[in-house]
Each structure stands twice: as C-alpha cells, then as structure tokens.
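Structural overview for review
Below, each chain spelled out in residue letters.
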Amino acid sequence: LDTNTLRAAFARFPSGVTVVAALVEGKPAGMAVSSFTSISLDPPLIAASIQRTSTTWPVLRKATTLGVSVLAHDQGELSRQLSRPGHRFAGVRWSLGSSGGVLIDGASAHFESTVHSELSAGDHVIALLEVSAFSYESISEPLVFHASSFRKLA
Ligand SMILES: Cc1cc2nc3c(=O)[nH]c(=O)nc-3n(C[C@H](O)[C@H](O)[C@H](O)COP(=O)(O)O)c2cc1C
C-alpha cells in the first residue's frame, strides 16, 4: 500500500486536536496530537498514537504529569505552531494544572494524566494515559481536523 495515499484516506476520518504538554526543566514542552481518544471511565484512561520519529514524546513520557488540552475552534494556528520545530510555546498562553500538567488557556477541555502504558504499534506508539484531574467548558465550539484542514462545526 502507498503510505501517502493511505495517510490521505486515514485523514478522511475527522477528529479533534489536542496538545500534549509537560514542564521539562522548568519550561513547557509539547506537541499537537489529533489521534487522541477516550478509552475507559474506570479507571479513567485516554490514548494517543505517537509517531516513532517524534523527538518530543521521549521527553514528555518521562514527565511526572502530562497535560492534554482539547483545542477550541479558534486554536487551529496554535496547533500548527505546536507541531513545528523551534520555540513552540512562544506567545502561547498556558497554565499549570492542579496536578502540575501544562494546560493551554482557552481550550475546551483539560486532562492531567500520567503514562499508564505504551503499546508498540508499527511506526507509532500508542500511549495510554491515566487521568488524575480534568475540567471542561460547558459551552465551547471544537476545532475539527479533517483532510489536513481545520474546520468548524456549522
Ligand atoms: C493538527 C495536528 C495533529 C497532529 N497529530 C499528531 C498525532 O496524533 N501523533 C503524532 O505523533 N504527531 C502528530 N502531529 C505532529 C506533531 O505535533 C509533531 O509535529 C511531530 O511529533 C514532530 O515533532 P517532534 O519531533 O517535536 O515530536 C500533529 C500535528 C498537527 C499540526
């Protein structure tokens, strides 16, 4: 199978966009992640699929607490910034959660989590995260990622 066209086919599945982030040596580090999914209520588990080539995940997975922020409709450009090389958090407003996770201001929902386990999955790693704290906005329009573009719900 051709991986480029397969990627395009996978991208027909619309998703939200999250930012997985942590404090590393006193500074925020993180990456945009659209492969977020909720897994279990008891225990509370969420998951993300991370490409093996990621240079940020090996740093994040060692952090005590990982913040996962579900981005809102007006945070598409922010997610692009948080996927590029360089100083990703320049100009980004964020806060520390009650468990010490790095949370993006203005997001629709926030989870703080610890790494529960990692499952090797081809050229990706499925990271299972156990949620220790969360909050959400009751009225917030989501950012939708579809076919490599950001969309808003009508
Ligand atoms: C909207 C969006 C969604 C992304 N989703 C994922 C994802 O689910 N998994 C992943 O490994 N990388 C994802 N990325 C790419 C990462 O954010 C990042 O660019 C990549 O890990 C390379 O950077 P790094 O070497 O710092 O990890 C996404 C990027 C964008 C813009």
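Presented here is a report on the structure given in the accompanying data block. (Residues numbered from 1 in each chain as written. Predicted model: local features only at pLDDT ≥ 70, side-chain atom pairs only at ≥ 80, totals over all residues. Heavy atoms only, no water.)

1. So, the overall build of the protein
Here is the rule: Every helix listed is a DSSP run of H or I at least four residues long, and every strand listed is a run of E at least two residues long, numbered separately from the N terminus. Each radius of gyration reported is based on C-alpha atoms, and the globular scaling rule is 2.2 Å times the count of residues to the power 0.38. Here the term buried applies to any residue with accessible area under 20% of the maximum for its type, exposed to any over 50%, and partly exposed to those in between, with areas from a 1.4 Å probe on protein chains only. What makes two residues a contact is simply this: any of their non-hydrogen atoms within 4.5 Å.
When you go through the protein residue by residue, the secondary structure sums to three helices and eleven strands. Traced from its N-terminal end to its C-terminal end, the protein shows the element sequence α-β-β-β-β-α-β-α-β-β-β-β-β-β. Taking 154 residues into account, the globule formula puts the C-alpha radius of gyration at 15 Å, and the protein, at 15 Å, falls close to it. Across its three principal directions, the C-alpha atoms of the protein cover 45 × 35 × 35 Å. Classification of the 154 residues of the protein by burial places 37% in the buried group. The contacts of the protein with a sequence gap of at least 6 include a subset with a gap of at least 24, amounting to 63%.

2. A word on the side chain of His110
This is how the line gets drawn: Pairing of N or O atoms within 3.5 Å defines a polar contact, subject to two protein rules: one partner must be a possible hydrogen donor and the other a possible acceptor, and residues neighboring in sequence count only if both atoms are side-chain atoms.
Tracing the backbone shows His110 in strand E8 (residues 109-121). Classification of His110 as buried rests on a relative accessible area of 15%. A polar side-chain atom of His110 sits 2.7 Å from the main-chain carbonyl oxygen of Ile104.

3. Considerations on the sheet that holds strand E1 (residues 18-24)
Here is the rule we go by: The pairing criterion is simple: DSSP has to find at least two bridges between the two strands. A fitted line through C-alpha atoms serves as each axis, taken over the contacting stretch for helices, and the angle formed by two N-to-C directions is quoted from 0 to 180°.
Pairing is antiparallel across the open sheet formed by seven strands, whose spatial order is E2-E1-E5-E8-E9-E4-E3. Only two strands of the sheet have a single neighbouring strand rather than two, namely strand E2 (27-33) and strand E3 (37-40). Direction aside, neighbouring strands of the sheet carry axes that sit 35 degrees apart on average.

4. Brief notes about the site of the ligand
Heads up, the condition is: Nearness here has a simple test: a residue counts as near a molecule or strand if at least one of its heavy atoms is within 4 Å of that partner. Note that accessible areas follow from Shrake-Rupley with a 1.4 Å probe, and for residues the cover is restricted to the protein chains shown. Think of it as three bins: nonpolar holds Ala, Val, Leu, Ile, Met, Phe, Trp, Tyr, Cys and Pro, charged holds Asp, Glu, Lys and Arg, and polar takes everything else, Gly as well.
If you check the shell around the ligand, you find 17 residues, and the closest are Ser35, Ser54, Thr55, Thr56 and Ser83. Residue Gln51 places a main-chain N or O atom 2.8 Å away from an oxygen atom belonging to the ligand. Between an oxygen atom of the ligand and a side-chain N or O atom of Thr55, the distance comes to 2.5 Å. Contact with the protein chains covers 83% of the free accessible surface of the ligand, which is 620 Å². Of all the secondary structure elements, the ones that give two or more residues to the shell around the ligand are E2 and strand E4 (45-51). In terms of residue class, the shell around the ligand is made up of seven nonpolar, nine polar and one charged.

5. With respect to the packing of aromatic side chains
Here is the rule we go by: Centres within 6.5 Å are what make two rings of Phe, Tyr or Trp a pair, Trp counting through its six-membered ring; a difference in plane orientation under 30 degrees is then read as stacked, over 60 as edge-to-face, and the rest as tilted.
Counted by the stated rule, this structure contains three aromatic pairs. Ring plane angle 35 degrees and centroid distance 5.2 Å describe the contact between Phe145 and Phe150, whose orientation is recorded as tilted.

6. What to know about the pairing of E1
In terms of burial, E1 is a largely internal element, five of the seven residues being buried. Note: E1 against E2, seven bridges, orientation antiparallel. When the sheet's bridge partners are listed, Val19 is paired in E2 with Ala32. In textbook terms, the turn of a hairpin is the stretch between consecutive antiparallel strands, and for E1 and E2 this stretch comprises two residues, one of which, Glu25, has a positive phi near 50 degrees. Bridging between E1 and strand E5 (residues 66-70) involves four bridges; their strand directions are antiparallel. When the bridges of E5 are listed, Thr18 appears paired with Val70.

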